[in-house]
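The chain contents come next:
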Amino acid sequence: MRVTKAVQTIERRLKAKLRPGPTQTAYDNAKSREKIQRRPTMPRGEGGWEVPSADAPAHTSRMSASRHFAIRRRTRTVLFAAAVVCAPAACARATPPAPPAPRTVEPMPAAPDFAPGPLDRLFQVPTSRFIHVSSTDTTGGNADRWVVAPGDSVVLLDLDGPGVVRSMWMTIASRDPDYLRRISLEMYWDGEANPSVEAPLGDFFGDGFNKPNYASLVMGVTSGGFFTYLPMPFARHARIVARNGTGRAIDAFYFNADVELVDSLPTPLATFHAWWHRDPRTTSHEPHLILDAHGAGWFVGTSLDAESLDGSLSFLEGDERYFVDGSFRGQGTGTEDYFNSGWYFDRGTFAAPFHGLVVKDEKRGRIAAYRWHLLDPIPFRDSIRVDIEHGTGNSVVADYATMAYWYQTEPHTPLPPLPPPDERKVMGVRIPAGARLAKDLEAAPIAGGWELDLPVPRPDRYQVVAYPSGGPDAGVARVSVAGGPVRRIRLAAEEPATVLDPVVLDTVAARTSVRMAWLAGVMPAAVEIRPVRRFAVSWSVVGPFPNPQRLGTEISPALDSVYGPERDPDLTRTYEGEGGRTVRWTPAEARANGYVNLNAIFEPNDWVAAYAEAFLYSPDDRDAVLLLGADDAHVMWVNGRVVSRRQGRHISTADDLEVDVRLHAGWNRVLLKVADLDGGWAFQLRAADPHGVLRWAPSPSGAKPAGG
């Protein structure tokens, strides 16, 4: 055709015009060979032209590749121009190609005009109506508050619906140090007789202990004010009440709420619910219950106020568990893990939009934390139960209080009644886990009081400690232990049923129990029989030795390995330790509670083992009881005989294991191997000694060994 011939002519002319001279050709050929050698395999160029390889004959590459490409580009440009000019005539004479076979194409879904955002309702024309409810002074003065008499209540909000409480704020002036727990909130929707919300004020807003500043996405306490943005819908009526259980007047109760009144709400409607549950002493081996609800809805959050009785945070080993619509739906890995933290909240307090740690008091063993399931709400169609363990296997005795927040259809199962205000107070005087509460004491009435029989766990020496219960008119208690002298204890306190500071009554040797006479109008709140613990405090230690990690297990291979100290525990010897290093015995001192911290002595201190040696003097041959705590695995020998062995992961706790041994008269060698997995690494050891005749030393002479 004419177009094809025209293009061929143009191409010949361009080649002639661009053909280089001999010098340029040699230079171009050399550069082409250099590029080709650097890149042995070249793809096809534009238009499908082959770039010559380095092995191609010389006559196939008279001009350089760059010249070929330049000519081809100019040809395409001219071809396009010619096609535009000549297309009408050419197309008039050309035979059109056959059309392609039709094929079915699925229609593309229509894309939205924009991605919806969380605040989109702000640019829509509103149909709802706004109303602001507050404690404002309706006379026009500045008394914008309510004064609430002791035992009285105040109605914060009383509105007809349909509507949604969008926000709520309050601040309170009370002289009661326990007002966060003794003031309560109740919320009723649509004329119900049983409240959908019943909780102490402080716990509802995330912390019943005190009032630190924090702010989550929907709730917080900021510079004296309590606030929440959780939506609270109601179809016909909303009523919110605050009750004063402080025993004195609330001097000022300030309140504000923003409410949106609407024409209609979805049906069926899931309304807002919240429940406070407290186990002041988690003595049960069952988990602490957070929520047990029936209906359909969404679980949206929880807060936890927990406090140990011994000052530790070991209760954080507990896992949360979920049961939804009658079936088990999973279990967590630890309390702080549930709150999206780790390692016992090792970096301290923080406040994030959906989770946070409001309080961490390591001296008191106290935690306050929250977790909102707003991006991951938990649906339920029939029922839901959520609980949480208190320590591994529910082994830790602690004070647990939780708030559960959820939405569900009505009617709801009536909430258990809130405990009386005095029973809701934050724990003051701590009654240890080992103490016996008044309700558990074996008491026989006698003239003027009771005779108590107090069992002991083993023959040993014990302190008898009373936790008196006082009040405004409690008077004085007269007490004697095991027939000893009478002591007088004042029971005066401002409020009834106040647990007073503990009183050490006497120290006695006991085999099975201790008898005590308590002459007073009220029983003691609790009595503790406290062992007199005389730990081995001076040790010789050596290590570290290998304890290679077995992935996927908590087994310590070191327990099955025999290292030098087992063959010859002489304190003057040296041994080959971890990594082939030479190790020798060195002195180590325990803390006052007998705790020997091996982490501070050895490096490395994960996946290793060490030995500790001390000597126990007995005046004669006798049976005795050694009380051991060890982290993690251990083997213990007395006079070369294995008396205790345990594998696995453990925490060193005083008197954790009771080990029966036979002592001979004089010095008895006690050798202990402790194998660590990771984390803590320690031990503590003592002997039960009712009459105080046994004594510990780091060497058979009773003096520190050489080099100590």
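Residues numbered from 1 in each chain as written. Predicted model: local features only at pLDDT ≥ 70, side-chain atom pairs only at ≥ 80, totals over all residues. Heavy atoms only, no water.

1. Some points on the overall build of the protein
So, step 1. Assigned secondary structure in the protein consists of 7 helices and 47 strands.
So, step 2. Within the protein, the fraction of its 708 residues that count as buried is 47%.
So, step 3. Look at the contacts in the protein between residues 6 or more apart in sequence, and 78% of them connect residues 24 or more apart.
So, step 4. For the protein, the computed accessible surface area is about 36,000 Å², with 53% contributed by carbon and sulfur atoms. (Helix = DSSP H or I, 4+ residues; strand = E, 2+ residues; numbered from the N terminus. Buried < 20%, exposed > 50% of the residue type's maximum accessible area, 1.4 Å probe, protein only. Contact = heavy atoms within 4.5 Å. Areas by Shrake-Rupley, 256 points an atom, 1.4 Å probe, with all protein chains shown as cover.)

2. Examining the pairing of strand 12 (residues 250–261)
Consecutive side chains of a regular strand alternate in pointing toward one face of the sheet and then the other.
So, step 1. As defined by bridge partners, strand 1 (residues 129–134) adjoins strand 12 across 6 bridges and the pair is classed as antiparallel. By the bridge assignment, Arg129 is partnered in strand 12 with Leu261.
So, step 2. Relative to strand 12, strand 2 (residues 146–148) runs antiparallel, the two being bridged by 2 bridges. Bridge pairing in strand 12 links Val148 to Ile250. (Pairing = 2+ DSSP bridges.)

3. Considerations on the packing of aromatic side chains
So, step 1. If you walk through the whole model with that rule in mind, you get 20 aromatic pairs.
So, step 2. An angle of 35 degrees between the planes, with centres 5.2 Å apart, marks the rings of Tyr214 and Tyr370 as tilted. In this pair, Tyr214 sits in strand 7 (residues 214–215) while Tyr370 sits in strand 20 (residues 366–372), placing the two residues 156 residues apart along the sequence.
So, step 3. When its relative accessible area of 6% is taken as the criterion, Tyr214 is described as buried.
So, step 4. A network of ring pairs unites the aromatic residues Phe204, Phe205, Phe226, Phe272, Trp372, Tyr405 and Tyr407 as a single cluster.
So, step 5. Lying across the ring of Phe209, Arg366 places its NZ or CZ 4.2 Å from the centre.
So, step 6. Its guanidinium or amino end placed over the ring of Tyr617, Arg695 lies 4.9 Å from that ring's centre, counting from NZ or CZ. (Phe/Tyr/Trp six-rings, centres within 6.5 Å; stacked < 30°, edge-to-face > 60°. Lys NZ or Arg CZ within 6 Å of the ring centre and 35° of its normal.)

4. Some words on the nonpolar core
Side chains of a nonpolar character, in soluble globular proteins, are inclined to be buried together.
So, step 1. With 54 residues, the main nonpolar core has Leu201, Phe204, Phe272 and Tyr405 as its most contacted residues.
So, step 2. If we ignore the near neighbours within four places in the chain, the residues touching Leu201 are Met170, Ile172, Tyr179, Leu180, Ile183, Ser184, Leu185 and Phe226. (Core = buried A, V, L, I, M, F, W, Y, C linked by side-chain atoms within 4.5 Å.)

5. Considering the confidence of the model for the protein
So, step 1. Taken over all residues, the pLDDT of the protein has a mean of 87, while the share at 70 or more is 83%.
So, step 2. Contacts for the low-pLDDT stretch residues 20–66, under 50 throughout, to residues beyond four places or in other chains number 32 contacts.
So, step 3. Within the model, the stretch residues 75–94 combines pLDDT values under 50 with 9 contacts to residues more than four positions away or in other chains. (pLDDT = per-residue confidence, 0-100.)

6. Quick word on the layout of surface pockets
So, step 1. When its volume is computed, the second largest pocket comes out at roughly 910 Å³.
So, step 2. Of the residues contributing to the lining of the second largest pocket, the split by class is 14 nonpolar, 3 polar and 9 charged. (1 Å grid on protein atoms, 1.4 Å probe; cavity = no way out; pocket = protein on both sides within 12 Å on 5 of 7 lines; lining within 4 Å. Points joined across faces, edges and corners; volume = space filled by probe spheres on them. Nonpolar A, V, L, I, M, F, W, Y, C, P; charged D, E, K, R; others polar.)

7. Describing the sheet that holds strand 33 (residues 513–519)
So, step 1. The antiparallel open sheet is built from 5 strands, whose spatial order is 25-26-33-29-30. With one partner strand each, in any of the chains shown, strand 25 (442–446) and strand 30 (487–490) form the two edges of the open sheet. The mean angle between the axes of side-by-side strands here comes to 25 degrees, regardless of whether they run parallel or antiparallel.
So, step 2. As paired strands, strand 29 (residues 476–481) and strand 30 are joined by 4 bridges and run antiparallel to one another. (Axes fitted to C-alpha atoms, helices over the stretch in contact; angles between N-to-C directions.)

8. Some thoughts on the sheet that holds strand 24 (residues 436–437)
So, step 1. Read from one edge of the open sheet, 4 strands run 24-34-27-32, paired in antiparallel fashion. Lying at the two open borders of the sheet, with one neighbouring strand each, are strand 24 and strand 32 (503–510).
So, step 2. Alignment of strand 27 (residues 460–467) against strand 34 (residues 526–531), held across 6 bridges, turns out to be antiparallel. By the bridge assignment for strand 34, Tyr462 is matched with Pro531.

9. Notes on the pairing of strand 6 (residues 197–200)
So, step 1. Residues of strand 6 alternate between two faces, with Val197 and Ala199 on one and Glu198 and Pro200 on the opposite face, all of them buried.
So, step 2. Pairing of strand 5 (residues 183–189) with strand 6 involves 4 bridges; the strand directions are antiparallel. Bridging across to strand 6, Glu186 finds its partner in Glu198.
So, step 3. Two elements, strand 6 and strand 13 (residues 270–279), share 2 bridges in a ladder whose sense is parallel. The residue bridging Glu198 from the neighbouring strand is Trp275, located in strand 13.

10. Concerning the pattern of salt bridges
So, step 1. Tallied over the entire structure, the rule returns 40 salt bridges.
So, step 2. Put simply, Glu495 and Lys425 hold a salt bridge, and the shortest N to O gap is 3.4 Å. Taken as a pair, Glu495 in the loop between strand 30 and strand 31 (498–499) and Lys425 in the loop between strand 23 (398–409) and strand 24 lie far apart in primary sequence, 70 residues in all.
So, step 3. Assessed through its relative accessible area of 18%, Lys425 is described here as buried.
So, step 4. Among the salt bridges present, the one from Arg515 reaches Asp453, with a minimum N-O distance of 3.3 Å. With Arg515 in strand 33 and Asp453 in strand 26 (residues 449–455), this pair connects stretches of sequence that are 62 residues apart. (Salt bridge = Lys/Arg side-chain N within 4 Å of Asp/Glu carboxyl O.)

11. Some thoughts on the side chain of Thr402
So, step 1. Along the chain, Thr402 turns up in strand 23.
So, step 2. Polar contacts involving the side chain of Thr402 include one to the side chain of His288, which spans 2.8 Å.
So, step 3. Residues contacting Thr402, with those up to four places away along its chain left out, are Trp275, Trp276, His277, His288, Leu289, Ile290, Thr302, Ser303 and Leu304. (Polar contact = N/O pair within 3.5 Å; in protein donor to acceptor, adjacent residues only side chain to side chain.)

12. Focus on the environment of Ser134
So, step 1. You can see Ser134 is positioned in strand 1.
So, step 2. Look at Ser134 and you get partly exposed, because its relative accessible area is 23%.
So, step 3. Leave out the neighbours within four places in its chain, and Ser134 touches Trp146, Phe255 and Asn256.
So, step 4. Looking at Ser134, its side chain comes within polar contact range of the main-chain nitrogen of Thr136, at 3.2 Å.

13. Considerations on unusual backbone geometry
So, step 1. Residues Gly161 and Pro162 are joined by a peptide bond in cis, for which omega reads 0 degrees.
So, step 2. Assignment of secondary structure puts Pro162 in the loop between strand 3 (153–160) and strand 4 (163–174).
So, step 3. Cis geometry marks the peptide bond from Asp631 to Asp632, where omega comes out at 10 degrees.
So, step 4. Following the sequence through the fold, Asp632 ends up in the loop between strand 41 (622–631) and strand 42 (633–638).
So, step 5. The residue Ser223 is not glycine, and still its phi comes out positive at about 50 degrees.
So, step 6. The backbone of Asn340 shows a phi angle near 60 degrees, a positive value even though the residue is not glycine.
So, step 7. Mapping Asn340 onto the fold places it in the loop between helix 6 (335–338) and strand 18 (350–351).
So, step 8. A residue is classified by how much of its surface remains accessible, and Asn340, at 43% relative accessible area, is partly exposed.

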